[in-house]
Protein chains: 2
Amino acid sequence: MISLPLRQDWGDKALTSPNREQELLQRIRKLTHIGIMLSKERQLDRLLATIVEESRRFFFCEGGSLFTREGEELKFRIAQNDVLNQNITSENLKGKQISVSAKSIAGFVASSGEILNISDVYEIPEEAPYSFDPSFDTQNDYRTKSVLALPLKDHNDRVLGVLQLINPTRESNIVSFDFVKDDQDLVDSLASQAAIALTNAKLIDNMRDAHVDTIFRLSVAAEYKDEDTASHLERMSRYSAVLSRKMGFDDLFIDQIQLASPMHDVGKIGIPDAILMKPGKLTDKEFDIMRTHPQIGARILGGSSSPLLKMAEVIALSHHEKWNGMGYPNKLKGEEIPIEGRIVALADVFDALTSRRCYKPAWPLERALNLIKETREEHFDPAVVDAFFESLDQILEIKQRYADEAPKEVDDHETSIRG
Amino acid sequence: MISLPLRQDWGDKALTSPNREQELLQRIRKLTHIGIMLSKERQLDRLLATIVEESRRFFFCEGGSLFTREGEELKFRIAQNDVLNQNITSENLKGKQISVSAKSIAGFVASSGEILNISDVYEIPEEAPYSFDPSFDTQNDYRTKSVLALPLKDHNDRVLGVLQLINPTRESNIVSFDFVKDDQDLVDSLASQAAIALTNAKLIDNMRDAHVDTIFRLSVAAEYKDEDTASHLERMSRYSAVLSRKMGFDDLFIDQIQLASPMHDVGKIGIPDAILMKPGKLTDKEFDIMRTHPQIGARILGGSSSPLLKMAEVIALSHHEKWNGMGYPNKLKGEEIPIEGRIVALADVFDALTSRRCYKPAWPLERALNLIKETREEHFDPAVVDAFFESLDQILEIKQRYADEAPKEVDDHETSIRG
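Residues numbered from 1 in each chain as written. Chains lettered and ligands numbered in written order. Predicted model: local features only at pLDDT ≥ 70, side-chain atom pairs only at ≥ 80, totals over all residues.

**Q** What am I meant to see in the overall build of chain A here?
**A** For chain A, the count of helices and strands is 17 helices and seven strands. Split into buried and exposed, the 419 residues of chain A put 42% on the buried side. Within chain A, contacts between residues separated by at least 24 positions form 65% of all contacts whose residues are at least 6 apart in sequence. (Helix = DSSP H or I, 4+ residues; strand = E, 2+ residues; numbered from the N terminus. Buried ≥ 20, exposed ≤ 12 C-beta atoms within 10 Å, placed from the backbone. Contact = placed C-beta atoms within 7 Å.)

Below, the structure written as structure tokens:
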């Protein structure tokens, strides 16, 4: 819950100012501030919290909540309340959905596109086309009184969400939202700003999703004739992200390694079918050819101005290097190996060990963990190995969630990882 | 040039209003309006025009211009002026760059991060760290007098650009910008809003670039063993966009077909090397296998929730269908073939014909155009063929601009397009 210094610090002062000009100037500043806060926030969940927080601050409200429209459903996203002691995070209410057509306040606002200004939700007449659901009040021993429910509309007048503001206070008393009648411009402006920020954040979300989807499909395609599956890429990219977080990298790095790592084996596209799909053991000469895939991958991904593809190039080239200098293609040693490559190396090998391949069964977890422990400082960067064991819970959760469709853990077999 | 109804309609009225409250309320509305206009505009060039336009409107200025910072250079982007008769579009001044450290007004603002408020640019003292370049005035027979030059800073205080406002008017007289001293909040707010919108637009631009880059690299990779080159994909995707525009599709469709079409042959990844890379003619049986690539492609791209990948799936599956029903894999006929597939079919074949492949030289343009005319209504949608000939200039410009590195147009040879 975000707790604002609601009543004490500035709640009463501002609106009791006798000077209308000062008040207006202050409101310009606040509204501008809101606009800036909202347009700066591009991560959807944080944006939703900011919308509720800033709108409450603007109208001096005890509480507020926000629904976003997903098709014909309104999805509950966030609730804030300064008076309640218990935590009202979105976790508590998450997943709650109501139909746009439901006889609720938010449903009515979403379907009609109208603003609702209710001075006491317990006195809504029976015949009204909406009604108040008291379960939140009952559960939390709270008294919702006045509600201002605003539709957030995009520039095509489509309702993207509903913002509900609850119990505005003046001199420590809960008042009605009647004062907004003098400030219709401000209310409209607030709703527009929130809607635009929401549209932008969704656009960015969609662009990102499309990009991630493209990377996955084309990375999977590039390994069509190889063993690697979409779920291998899902897992190893998430392992890479978890290891990076544990090692203290920032959000940007974590985001990029998760997007870039699925492209690590794209160079296998250049390996002849006869070698890539050979059922038996490879000859030394065939192995030599197989081991050119990092350079082929780096060539395919190289020379881009995009930071993401630059990282993908580094990973493609370095993910088969070993800490002791016995890897390929450049026999780099220790910290000569780019950190992205060191992280992905472990993520990739752990997943290959614990997955079934045509030339080997899936290893039991214990055996894979032992191998990683044993080859610490030979194959892997000890710091990455440490991060791996420190985040084993998360790693295993990912392993489970993105399991292959028919997972088979066959016991032992003396095998080695190919490629 | 964007012409605002500057003096006549509302220029004087607003600011001579005796009622400070009304004036302030109007300014709140305007500033809010600006915030909304700016956050709605996500296309960079249009955004820059909107920033200048709305800022001029806000301060009642005859002219305005904007530079964006690219590394250590300031790139001239846009100029607007209501008084000058001739067109001052960015075309005239495009490409003009000045160094951030130059002794110019914009250069000084960019390097110092300070606002400059100059009441007469012709009276800047010699010893000032900046000077006015009168060449624009001389060329256009204009008199720049007062200038307000604002740094547009992101939330890390980095200067992203410089906005220059020129000659504010009051009651038809050019005045100085001294009045902004009372409105520092408004000026700051305007600059912040512009900077945030600029940051957002750049972010979206960068995301799009990264996505396009990824699609190209992975699409090229997927055809590593085939004949298709990056420049084939560049050309055919641009041809597809030109054809779509000529046929009246909207910007979203055009954008998507340009991004989705490079993935059309991704299914070739599933074709054995022995067929894909066979130097001689394919046997009937080999051709049958080759002709499964649309279904393989659709499987690779299928089932996504991304509109882009949905279109890519449709294109992969349908780009070898023919208007007369004799194509593959589904022998669709006429308008049964999705329009995206009909457009890409022509774009792909035209480029294949006019490019050299291992089994054929590049056809001379005339011969390719004749084949397209002849097979109108057999192979191609007549409407697409018409759009093709109507936009032939643009097509040929693309052909030239994205030519293969060693283009060879060898004369005739009886050949057919494989795949």
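Still to come is the rest of the account.
**Q** For this particular structure, what's the right way to read the domain arrangement of chain A?
**A** One widely used convention gives an interface's size as the accessible area the parts lose upon coming together. Structurally, chain A comprises domain 1 (6–201) and domain 2 (223–401). One C-alpha centre belongs to domain 1 of chain A, the other to domain 2 of chain A, and the line joining them spans 47 Å. (Domains from an automatic or database assignment.)

**Q** Honestly, the relation of the copies chain A and chain B in this entry has me stumped. Any pointers?
**A** In this arrangement, two copies of a chain are superimposed by a rotation about an axis accompanied by a shift along the axis. When chain A is fitted onto chain B, the two copies agree to an RMSD of 0.2 Å after a turn of 179 degrees and an axial shift of 0.1 Å. The transformation just described matches what one would write down for a two-fold rotation axis. When the interface residues of chain A are mapped onto chain B, 98% of them again fall at the interface, so both copies present the same face. (Least-squares fit on C-alpha atoms with pLDDT ≥ 70 in both.)

**Q** Teacher, can you tell me more about the pairing of strand β1 (residues 61–70) of chain B here?
**A** For a regular strand, the rule is simple: side chains alternate between the two faces of the sheet. Residues and elements named next belong to chain B. Along β1, nine of the ten residues are buried, which leaves the element largely enclosed by surrounding structure. As paired elements, β1 and strand β6 (residues 159–170) share seven bridges and run antiparallel to each other. By the bridge assignment for β6, C61 is matched with P168. Alignment of β1 against strand β2 (residues 73–81), held across eight bridges, turns out to be antiparallel. Across the sheet, E70 pairs through a bridge with E73, a residue of β2. Here β1 folds back onto β2, and the loop between the two strands holds two residues, one of which, G71, carries a positive phi near 65 degrees. (Pairing = 2+ DSSP bridges.)

**Q** Looking at this model, I keep getting lost on the confidence of the model for chain A. Mind explaining?
**A** It should be kept in mind that the predicted coordinates are not to be read in detail where pLDDT is low. Residues and elements named next belong to chain A. Here chain A averages 85 in pLDDT, while 89% of its residues score no lower than 70. Averaged pLDDT values over the elements of chain A bottom out at 37 in helix α1 (residues 6–16) and peak at 98 in helix α16 (residues 382–390). Note on residues 1–18: pLDDT is under 50 here. Beyond four places in sequence and across chains, it has 30 contacts. In the predicted assembly, ipTM is 0.74 and pTM is 0.76. (pLDDT = per-residue confidence, 0-100.)

**Q** Would you mind showing me how to read the interface of chain A and chain B here?
**A** Counting residues at the interface gives 49 residues for chain A, matched by 49 residues for chain B. It is helix α7 (residues 184–222) of chain A that provides the largest number of residues to the side of chain A that touches chain B, a total of 23 residues. For the side of chain A that touches chain B, a count of residues per class yields 24 nonpolar, 14 polar and eleven charged. (Nonpolar A, V, L, I, M, F, W, Y, C, P; charged D, E, K, R; others polar.)

**Q** Help me understand helix α14 (residues 339–353) of chain A, please; the structure alone is not making it clear to me.
**A** Spacing of three or four residues puts side chains on the same side of an α-helix, whose turn is 3.6 residues. With 15 residues, α14(A) should cover 21 Å at 1.5 Å per step; its first-to-last C-alpha distance of 21 Å lies within 8% of that length. Most of α14(A) sits out of view: 14 of its 15 residues are buried. (Expected span 1.5 Å × (residues − 1).)

**Q** Can you walk me through the environment of A:S231 in this structure?
**A** Residue and element names in this part refer to chain A. Looking at the secondary structure, you find S231 in helix α8 (residues 230–246). In this structure S231 comes out as partly exposed when scored by C-beta crowding, with 17 C-beta atoms within 10 Å. For the pair S231 and R401, spaced 170 residues apart in the sequence, the C-alpha separation amounts to 9.8 Å. Discounting residues that sit within four places of it in the chain, S231 has contacts with Y402, A403 and D404.

**Q** Is there a simple way to explain the nonpolar core in this structure?
**A** Side chains of nonpolar character tend, in soluble globular proteins, to be buried together. Among the nonpolar cores identified, the biggest contains 102 residues, and A:L243, A:L346, B:L243 and B:L346 are the most heavily contacted of them. Not counting residues within four places of it along the chain, the set of residues in contact with A:L346 comprises A:L243, A:F380, A:V384, A:V385 and A:F388. (Core = buried A, V, L, I, M, F, W, Y, C linked by C-beta atoms within 7 Å.)

**Q** What exactly am I supposed to notice about the pairing of β2(B) here?
**A** As defined by bridge partners, β2(B) adjoins strand β3 (residues 97–99) of chain B across three bridges and the pair is classed as antiparallel. Within β3(B), the residue paired with B:L74 across the bridge is B:I98.

**Q** Looking at this structure, I do not really get unusual backbone geometry. What am I missing?
**A** All names here are of chain A. Going from Y328 to P329, the amide bond is cis rather than trans, its omega being 5 degrees. Positive phi, normally seen in glycine, also occurs at N167, with a value near 55 degrees. On the secondary structure map, N167 appears in strand β6 (residues 159–170).

**Q** When you look at helix α3 (residues 44–59) of chain B in this model, what are you seeing that I'm missing?
**A** All names here are of chain B. Between its terminal C-alpha atoms α3 stretches 23 Å, which fits the 22 Å expected from 16 residues at 1.5 Å a residue. Of the positions making up α3, those classed as buried are L47, L48, T50, I51, V52, E54, S55, R56 and F59. F60 sits one or two residues past α3 and shows a positive phi near 55 degrees.

**Q** Is there a simple way to think about the environment of B:G270 in this case?
**A** Relative to the helices and strands, B:G270 is located in the loop between α9 (251–260) and α10 (273–276). Residue B:G270 is classed as partly exposed on the basis of its C-beta count, with 19 C-beta atoms lying within 10 Å. Separated by 60 residues in sequence, B:G270 and B:A210 have C-alpha atoms that sit 26 Å apart. Among all residues touching B:G270, those that are not within four sequence positions of it are A:Y224, B:H293 and B:I296.

**Q** Quick question: what am I supposed to make of the environment of B:Y142 here?
**A** Checked against the element boundaries, B:Y142 lands in the loop between α6 (135–140) and β5 (147–153). Residue contacts for B:Y142: discarding those within four places in its chain leaves B:L84, B:F136 and B:D137.

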